[in-house]
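Structural characterization, general
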Amino acid sequence: MQNVLSILFCLSLFYLSVTPRVKAYVTVLRIQGILLTILLILPFIEQFSIFAVILPATLFIIKVIIIPRYIDKIILELDIKRTIEPTIQQFNFLLLVIFSFIIIFLAASILSQSTEIEIIPFASGFAAVVVGIFIIIFRKKLIIHVAGFLVLENGIFLFGTAVASELPIMIEIGVLLDVFVVVFLMGIALNRISSTFEGFDVTILRRLKD
Amino acid sequence: MLEFSILILIPLIAAAVCYLIKSIRSQYAISLTISALHLFSSFIIFIGWYKPNLPFFFSTDPLSKLFLLILSNVYFWVVLISFSYLKRPVTSKAEAGKKYYFLLLNFYLFANTAAILSNHFGMYWVAAEATTLSVAPLIYYYRNGEALEAMWKYLFLVSVGIAFAFIGILFLTLSANGTTMEGHQLFFSEFVKNATKLNPVWLKASFIFIFVGLSTKIGIAPMHSGDVDATSNAPSPIAALMSGSLRITALLGVMRIFQILTPTTSYEFAKLILIIGGLLSLAVAFIFMFKVNNYKRLLAYSSVEHLGIITLGIGVGGLAFAGAMYHVIFNSLNKMVLFFTAGNIHNRFKTREVNGVRAVINLLPWTGWLFLLSFFAISAIPPFGIFFSELMIFEGMLFSDKPWILAVTMFLLLFIFINMGRTLFQMLYGEKDEKTQQEKESFEIIHFAVIVLLILLIAIGIISPGILQENILSISKDFGIIL
């Protein structure tokens with residue numbers, strides 16, 4: 001089941017690398033949030049406890065409800081145009097993503113021989129980190145950079161479940177809150193950027209240099 | 001529990017109180033009281049009068065005691081001068097933002113103390129990210145385009161960097177697979193005890209990810225750009241806070257993982273990475289000192305340079321390691337004096353361009369002379385503290401197995417000194433503009449703070465208190481270095 005969810009997660013990454021629409025990014029973030037929530041609930045289906053629900057519930061509220069809504073609101077308020085304004089052609093971007101997937105999955109299977117890891121979630125998580133970085137590098141719009149950062153965070157989360165690290169619940173929630181506040185601050189900054197400068201893409205942020 | 005409340009809970013409560021109180025003066029009074037209390041408790045913990053017993057994921061060791069004292073000290077002075085700084089006129093937009101200043105400062109103290117005292121990698125990560133979140137809005141104090149851009153870049157770069165550090169922490173978990181620690185919590189002390197049993201491949205990967213990720217926050221090249229932009233555009237108390245205390249909190253994370261690597265076979269590899277990082281930072285400072293024409297940026301690059309020297313000292317090991325620990329202290333004091341006086345210059349000339357500033361010594365005699373002395377101090381001229389710590393680092397390099405590092409470092413530092421001096425002297429002396437009227441500069445609290453800090457810089461360097469020496473010796477011992 002964990003593998004199925006991870007593969008669905010990978011598919012969402014592929015969709016991200018071909019879609020030219022800003023709205024689609026928000027939808028994908030929502031889907032990824034749902035996938036991660038299911039992933040967290042899975043181990044508790046057999047032995048249910050109230051305590052175990054806290055983390056998936058927080059994750060669901062932050063990653064599926066609050067953050068996508070917040071981003072939607074920013075898009076609406078700032079009247080951001082629908083296309084993502086890539087700096088390289090979409091086809092080349094897809095090639096790049098596929099190429100990185102191949103390398104990451106190969107590396108994961110080699111690494112799994114020496115250490116006990118779940119190959120598919122491990123590789124999918126890592127792939128999401130890489131795709132997130134590609135999105136930040138090859139897209140001009142700042143709001144898409146925020147989405148790229150969130151994809152990267154989701155990847156790390158998936159990756160964390162793959163290495164079976166059990167952080168205490170308090171810290172996991174702390175991590176989620178931190179991510180939420182980062183996005184919140186970025187949203188405020190975006191608002192200010194659109195009123196201070198003309199536009200919302202990286203090309204306007206060229207004042208500071210030596 | 002008492003120490004836990006004073007160090008961690010009260011700053012958090014104070015942040016909430018600052019939100020409720022409207023008057024800046026009362027906010028200042030509360031924050032100053034708390035900072036004094038914090039400084040007092042970290043001081044008695046440092047000198048060993050009080051043995052703290054912290055709950056949950058927190059604990060103290062010689063390293064965290066030293067870093068906690070540095071944080072408290074920097075924070076106290078920054079809060080002390082903040083009120084007179086806030087009185088300076090700014091745009092109406094920025095005026096409205098002042099009400100969040102002390103709230104964020106108190107939250108910063110809470111987050112940074114939690115990061116320094118944490119004994120758990122997860123806790124450290126959460127707290128370190130929280131420090132970024134509290135500092136980012138403070139960078140945007142002036143509410144102008146440059147500040148906004150600096151804040152965005154800092155927030156984005158550091159958040160991505162620290163996400164990488166999280167991957168490093170997960171790798172660390174993987175390195176414990178197959179040992180008795182599998183499935184256990186990520187406590188530093190546990191990892192240090194069982195270091196030799198960890199899987200070396202994952203350990204190395206973990207070190208690289210944590211080092212690269214946190215170096216966005218430490219400001220080590222090649223990840224320094226966000227940090228330089230932020231330090232140069234933030235108001236001077238915040239720049240002093242970042243250079244003096246925030247960077248070393250990030251350094252603490254790197255030192256924790258380095259400590260785990262100490263008894264393992266990956267030790268030499270980690271040392272090499274730190275040396276490369278340090279030398280690269282020096283090289284970046286060397287290049288940009290030639291072309292930079294903004295004095296706040298100049299000071300920011302000086303921070304890159306000194307954090308580079310510290311990283312280099314830690315990487316070289318031996319006596320250089322102890323020197324690096326002294327350098328952490330002196331650098332934090334010295335950065336405060338430099339940024340405080342630079343803030344005064346900015347207030348008088350309303351520009352950060354070197355070309356717009358002339359004859360500071362004539363126009364602002366107090367600030368001018370103190371700025372000159374701070375420059376001497378940062379250039380490691382005796383009797384200021386940095387001279388002694390750099391001497392120790394250089395001696396360590398000379399007697400290490402890689403003495404060529406000393407040659408490279410000396411070469412780079414010489415040109416950094418010449419270029420920095422050339423620029424600063426141009427500001428201090430130079431022809432006075434005919435039109436500028438001479439107003440007599442009054443003695444302010446900022447001057448008082450700078451004088452006390454300069455005296456501290458000399459006194460700690462010359463007297464070298466026994467308690468400090470003992471502390472640094474025990475830190476070195478924790479890192480497997482017997483001096």
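Nothing here was measured: the structure is a model prediction, and the numbers come from that model. (Residues numbered from 1 in each chain as written. Chains lettered and ligands numbered in written order. Predicted model: local features only at pLDDT ≥ 70, side-chain atom pairs only at ≥ 80, totals over all residues.)

The next point concerns the overall build of chain A. Scanning chain A for helices and strands turns up seven helices and zero strands. Listing each helix as α and each strand as β along chain A from the N terminus yields α-α-α-α-α-α-α. The principal-axis extent of the C-alpha atoms belonging to chain A is close to 55 × 40 × 35 Å. When the 210 residues of chain A are sorted by exposure, 40% land in the buried category. (Helix = DSSP H or I, 4+ residues; strand = E, 2+ residues; numbered from the N terminus. Buried ≥ 20, exposed ≤ 12 C-beta atoms within 10 Å, placed from the backbone.)

Residues and elements named next belong to chain B. In this fold, Ile455 is placed in helix α19 (residues 445–463). You can call Ile455 exposed: it has 10 C-beta atoms within 10 Å. Remark: the alpha-carbon pair of Ile455 and Phe384, spanning 71 residues in sequence, is separated by 8.7 Å.

Counting 251 residues, the largest nonpolar core has Ile143 of chain A together with Ile139, Met151 and Leu155 of chain B as its most contacted members. Ranked by the residues each element gives to this core, the list is headed by helix α7 (residues 145–175) of chain B, at 22 residues. If sequence neighbours within four positions are ignored, Leu155 of chain B has contacts with Val182, Leu185, Met186 and Ala189 of chain A together with Thr132 and Ala136 of chain B. (Core = buried A, V, L, I, M, F, W, Y, C linked by C-beta atoms within 7 Å. Contact = placed C-beta atoms within 7 Å.)

Residues and elements named next belong to chain B. Mean pLDDT over chain B: 92, with 98% of residues reaching 70 or higher. Confidence, read as mean pLDDT per element, is least for helix α4 (residues 92–97) in chain B (87) and greatest for helix α5 (residues 101–117) (96). Interface predicted TM-score (ipTM) for the complex: 0.93; the corresponding pTM is 0.95. (pLDDT = per-residue confidence, 0-100.)

Residue Pro222 of chain B follows Ala221 of chain B across a cis peptide bond; omega there is 5°. On the secondary structure map, Pro222 of chain B appears in the loop between α9 (200–218) and α10 (225–233). Omega for the peptide link from Pro382 of chain B to Pro383 of chain B comes to 10°, which places this bond in the cis form. Tracing the chain through its elements places Pro383 of chain B in the loop between α16 (365–378) and α17 (385–398). Here the phi dihedral of Asp79 of chain A falls at roughly 55°; this positive angle occurs in a residue that is not glycine.

Let us now look at the interface of chain B and chain A. Chain B puts 34 residues into the contact, and the matching count from chain A is 33 residues. Elements that contribute at least two residues to the side of chain B that touches chain A include exactly α6 (121–139), α7 and α12 (267–291) of chain B. Residue contributions to the side of chain B that touches chain A peak at 17 residues, all from α7 of chain B. Looking at the side of chain B that touches chain A residue by residue, the classes come out as 21 nonpolar, seven polar and six charged. (Nonpolar A, V, L, I, M, F, W, Y, C, P; charged D, E, K, R; others polar.)

Attention shifts here to the environment of Tyr140 of chain B. Residues and elements named next belong to chain B. Note that Tyr140 resides in the loop between α6 and α7. It is 8.6 Å that separates the C-alpha atoms of Tyr140 and Pro235, two residues lying 95 residues apart in sequence. If sequence neighbours within four positions are ignored, Tyr140 has contacts with Ala147, Leu148 and Met151.

Quick look at α17 of chain B now. Residue and element names in this part refer to chain B. Over its 14 residues, α17 extends 20 Å from the first C-alpha to the last, a length consistent with the 20 Å expected when each residue adds 1.5 Å. Counting buried positions over the 14 residues of α17 gives 10, a clear majority of the element. Those residues of α17 that are buried are in contact with α13 (295–316), α14 (319–349), α16, α18 (404–428) and α19. (Expected span 1.5 Å × (residues − 1).)

Moving on, we come to the packing of α14 of chain B against helix α20 (residues 466–478) of chain B. All names here are of chain B. Where α14 meets α20, the axes come as close as 10 Å, and the angle between the chain directions of the two elements is 130°. What the angle tells us is that α14 and α20 run oblique. The handedness of the crossing between α14 and α20 comes out as right-handed. Together, Phe321, Ala322, Met325 and Tyr326 of α14 and Ile472, Ile475 and Ser476 of α20 make up the contact between the two elements. (Axes fitted to C-alpha atoms, helices over the stretch in contact; angles between N-to-C directions. Parallel < 35°, antiparallel > 145°, perpendicular 65-115°, else oblique. Left-handed = near helix turned anticlockwise from the far one by under 90°.)

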